[in-house]
Amino acid sequence: VPPARRPHADFDFAVRRLVPDVGLVTEDRSADVTGAGVELRLSPASAWRIYAGGETSDYEDRLEQQLARIPVQLLAQRQLTLSSTFPEWAWRAGTDLFIGLHRVNLEYSADKSIFGGLESSATSIAWQFPLGASGAWALDLRVGRAEADLSEAATFGLASLTLLY
């Protein structure tokens, strides 16, 4: 079991605004972030792993004030992206089943954003398998369903390529 972590970091970001008669103006901003998290893993058999983890973050009050200056229209369009980027808390639980060089994964995750308390969750299943004889690359195919406070539930599909070393 890895130890709990409590990182503290300066978070730097840029805010771009369209100012009438001036054009696009970029402002560099900074805020402090402190967080803690833990992840637990259990392998009851060599081909099976169960895991669960979570984290919480404490953002400097100034961050919400700075991001509040983003025009409401842009904020609404970016709400889901912002919620996953700035979680107040997030947790996940899942299981992996290893069949030879293949892995089947089932996972549930949920989080709450610092932006208006937007909550979202997702359930997914994935199949990861090696590509080529060397097994250095793996393809991960994932399908799932996500729900968020501001939108209807959506089904998603994802493919990712991983270099294993």
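Keep in mind the model is a prediction, meaning the values are calculated, not measured.

Focus on the confidence of the model for the protein
When pLDDT is averaged along the protein, the result is 79; 72% of the residues meet or exceed 70. Segment residues 1–6 is flagged for pLDDT under 50; beyond a separation of four residues in sequence, or across chains, it makes 11 contacts in the model.

Structural notes on the environment of leucine 18
In this structure, leucine 18 sits in strand β1 (residues 8–19). The exposure class of leucine 18 is exposed, given its relative accessible area of 70%.

Some thoughts on the pattern of salt bridges
Overall, the coordinates contain 5 salt bridges when judged by the stated rule. We note a salt bridge from glutamate 39 to arginine 92, for which the minimum N-O separation is 3.3 Å. Here glutamate 39, found in strand β2 (residues 23–45), pairs with arginine 92, found in strand β4 (residues 87–99); they are 53 residues apart in sequence, far enough to count as distant. Among the ionic pairs, arginine 103 bridges to aspartate 96, the shortest N-O distance being 2.8 Å. For aspartate 96, a relative accessible area of 2% gives the class buried. A single salt-bridge network, built from bridges that share partners, covers Arg49, Asp96, Arg103 and Asp140.

Observations concerning the pairing of strand β8 (residues 151–163)
For strand β7 (residues 137–148) and β8, the ladder comprises 11 bridges, and the chain directions are antiparallel. Directly across from arginine 142, in β8, lies its bridge partner leucine 158. Following β7, the chain reverses through 2 residues before pairing antiparallel with β8.

Conventions used here
Residues numbered from 1 in each chain as written. Predicted model: local features only at pLDDT ≥ 70, side-chain atom pairs only at ≥ 80, totals over all residues. Heavy atoms only, no water. pLDDT = per-residue confidence, 0-100. Contact = heavy atoms within 4.5 Å. Helix = DSSP H or I, 4+ residues; strand = E, 2+ residues; numbered from the N terminus. Buried < 20%, exposed > 50% of the residue type's maximum accessible area, 1.4 Å probe, protein only. Salt bridge = Lys/Arg side-chain N within 4 Å of Asp/Glu carboxyl O. Pairing = 2+ DSSP bridges.

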